Amino acid sequence: MDAILNDIALLARPALFNIYFAFASIPLGFVLAIFFALGKASRNKLIANLCSGYIYAFRGSPFFIQLFMFYSLALAFNLSLWKPLGIDWIVLNPLVLGPAILALNTTAYSAEIFYGALLTVPKGEIEAARAYGMTGAQQFRSVIWPHMIRLAWPAYTNEVVFLFHATALVYFTLPVIGDQQDLMNKAGELYQRDYNAFLHFPVAAAYFLAVSLCIFFVFGLVYRRLTRHMPGAAPMRFRMTRPAR
Amino acid sequence: MLDNLPEWLRTTLGDDFAFWLGYLTNGKHLTWYASVQYTLAAAAFGMLAALVMGLLGAAARNSRLGPLRLLGGLYINSVRGIPDVLFFLFFPLAFEQTVELVRAQAVCTPETLAANVGQWPPCDAANWLLGTTEYLALACVSLGIVYGAFAANVIAGAMNAVPKGQLEAARAFGFTNSEVLWRFHIRQMWIYALPGLSNVWLLLIKATSLLSLLQISDIVLLANRLGAPNFSRSAGLVHPDWRWAYYLVLLVFYILITFVSEKVFAALTRWASRGMSVASPA
């Protein structure tokens, strides 16, 4: 029991790194995803193809490879670009590069979710808005946007949880500087020390589980608010249709 | 390799082509191409294991026994709270240690056991050294356990989607319960499960990129080695850091696999739904 409590204490700080990675990448990914979803639905063929190409490429390849590729790409430009500009300590910092690559990845997955929601926005309401003489921006703000967010929210919740799980991969690729360790890294180090796999990994798993449940809970509250005008609406049920990377 | 080409072809293609052909077919690159077999084997056998685990998980989820139902639900839901990479590292380690613990009871003397308290392995004789094959087998099992939970969710839903009338008709014809289960229920379940299983396969394919974490020299590990800046004492700098190019090749490789898989599953769905009254499956 003491060993478990000790592990919980030891892994508390590493857990913050996973939480940081998720929190730093989600807002950026959310905003970019909206633009990519609108782009994919755009009537301009070039924009639509570019956006769907981006989404397909990032959803069709493993996040692990994406991490490796963007990290080595950043390294390759170090001497010619980052160093002369004096920004190498920012670009190559895992605390900046990690969230950046995570954001690129979650943008693609979230954009696909928002795009799916965009297609199911009731056509009649858009026609009604147009009949009222609303401009495109007005239509988007008062009709399309509220519907899209509400329709996409359960799937987006899943995406956020799986993004949080993907943060476990970051330090398998990016350099660990000093004691900036995440959960997997620290659990692995503890395992190397006493070879007690049955203690350290389950405690790390418990941290992931706890944070995942928190995300489900908070996003569930937001969903209740998004659907407050629909009294009979079923509470959010999570499905596992498109998870993990 | 190049000497076999006819003279006119060599002169038209030029020295650049000859260099790249030579570079891309040297021994290290051939090893890299061959290492695709680990990825494909892990994907194929991992999917097989996932289907078995999926059927077991779905059976537990829909079982009449309360505790079994609870266990099935726990199994299916665990993958939503815990990252796959954690399972992927944990299962092989846990399995290895369990085997070593069991072996230690048989082969270790009480003296060595007492001397090694708090250390691992309990004694040298019980140490189990794993090679690539063993790690690959463990990787397949881990993939099967993790993605089996996703598959179980899909299969449990598909089992409930089979029209009840079909089963009632089969029973009315006098088929026994197990015949109804295997020849009608599970036979028809696949068509409802196919879209979901295609999703599980796409996830599993992407998870095969993690094989290098289990000390398997797969395409990712070798790409890292091949692309790293290459110095040699006689030739100086052979090439600078080319890792990003190698990873780009892997990225394209995985996108192509995804593309082909989608096409194959679309054809499979069309084939499986022929003659069935299923509303145009995706």
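Novice: How should I be thinking about the interface of chain A and chain B in this particular structure?
Specialist: Contacts between chain A and chain B engage 33 residues on the former and 33 residues on the latter. Elements with a minimum of two residues in the side of chain A that touches chain B: α4 (63-76), α9 (136-166) and α12 (197-226) of chain A. Looking at the side of chain A that touches chain B, the element that brings in the most residues is α12(A), giving 9 residues. Residue composition of the side of chain A that touches chain B, by class: 25 nonpolar, 6 polar and 2 charged.

Novice: How do you make sense of the confidence of the model for chain A when you look at a structure like this?
Specialist: Regions with low pLDDT carry predicted coordinates that are not meant to be interpreted in detail. For chain A, the mean per-residue pLDDT works out to 88, and 94% of the residues sit at or above 70. In the model, residues 240-244 of chain A has pLDDT below 50 throughout and makes 11 contacts with residues more than four positions away in sequence or in other chains.

Novice: I would appreciate a short explanation of unusual backbone geometry in the present structure.
Specialist: Most peptide bonds take the trans configuration, and most residues that are not glycine carry a negative phi. Positive phi outside glycine occurs at Tyr195(A), with the angle close to 55°. Checked against the element boundaries, Tyr195(A) lands in the loop between α11 (183-194) and α12. With a phi close to 60°, Gln215(B) is a non-glycine residue in the positive phi region. Checked against the element boundaries, Gln215(B) lands in the loop between α9 (177-207) and α10 (219-227). Residue classification places Gln215(B) among the partly exposed residues on the basis of 13 C-beta atoms within 10 Å.

Novice: Help me understand the packing of helix α3 (residues 36-61) of chain B against helix α4 (residues 66-81) of chain B in this model?
Specialist: Packed helix pairs are specified by the crossing angle of their axes together with the interaxial distance, meaning the distance between the axes. All names here are of chain B. Axis separation between α3 and α4 bottoms out at 7 Å; the angle between their running directions is 130°. When the axis of α3 is compared with that of α4, the two are oblique. When the axes of α3 and α4 are compared, the crossing they make is left-handed. Along its contact with α3, which presents Gly57, Ala60 and Arg61, the element α4 presents Leu68, Arg69, Leu71, Gly72, Gly73, Tyr75 and Ile76. Partitioning the contact of α3 with α4 into residue classes produces 5 nonpolar, 3 polar and 2 charged.

Novice: Is there a simple way to think about the packing of α11(A) against α12(A) in this case?
Specialist: Residues and elements named next belong to chain A. With their axes 9 Å apart at the nearest point, α11 and α12 run at an angle of 165° to one another. Classified by the angle their axes make, α11 and α12 are roughly antiparallel. Pair α11 / α12 crosses with right-handed handedness. Residues Leu183, Met184, Ala187, Leu190 and Tyr191 of α11 form the contact with α12, whose participating residues are Ala197, His200, Phe201, Ala204, Tyr207 and Phe208. Of the residues that constitute the contact of α11 with α12, the class distribution is 10 nonpolar, 1 polar and no charged.

Novice: What's the story with the nonpolar core in this structure? I'm lost.
Specialist: Soluble, globular proteins show a tendency: their nonpolar side chains are buried together. One finds Leu86(B), Ala151(B) and Leu204(B) to be the most contacted residues of the largest nonpolar core, which totals 122 residues. Among the elements that take part in this core, helix α7 (residues 132-161) of chain B stands out by supplying 17 residues, more than any other. The contacts of Leu86(B), once residues within four sequence positions are left out, are Ala168(A), Met184(A), Phe201(A), Ala204(A), Ala205(A) and Phe208(A).

Novice: I keep staring at the environment of Met69(A) and nothing clicks. Help me out?
Specialist: Relative to the helices and strands, Met69(A) resides in helix α4. Overall, Met69(A) belongs to the buried group, with 23 C-beta atoms counted inside 10 Å. If sequence neighbours within four positions are ignored, Met69(A) has contacts with Trp244(B), Tyr247(B), Leu248(B) and Leu251(B).

About the criteria used
Residues numbered from 1 in each chain as written. Chains lettered and ligands numbered in written order. Predicted model: local features only at pLDDT ≥ 70, side-chain atom pairs only at ≥ 80, totals over all residues. Contact = placed C-beta atoms within 7 Å. Helix = DSSP H or I, 4+ residues; strand = E, 2+ residues; numbered from the N terminus. Nonpolar A, V, L, I, M, F, W, Y, C, P; charged D, E, K, R; others polar. pLDDT = per-residue confidence, 0-100. Buried ≥ 20, exposed ≤ 12 C-beta atoms within 10 Å, placed from the backbone. Axes fitted to C-alpha atoms, helices over the stretch in contact; angles between N-to-C directions. Parallel < 35°, antiparallel > 145°, perpendicular 65-115°, else oblique. Left-handed = near helix turned anticlockwise from the far one by under 90°. Core = buried A, V, L, I, M, F, W, Y, C linked by C-beta atoms within 7 Å.

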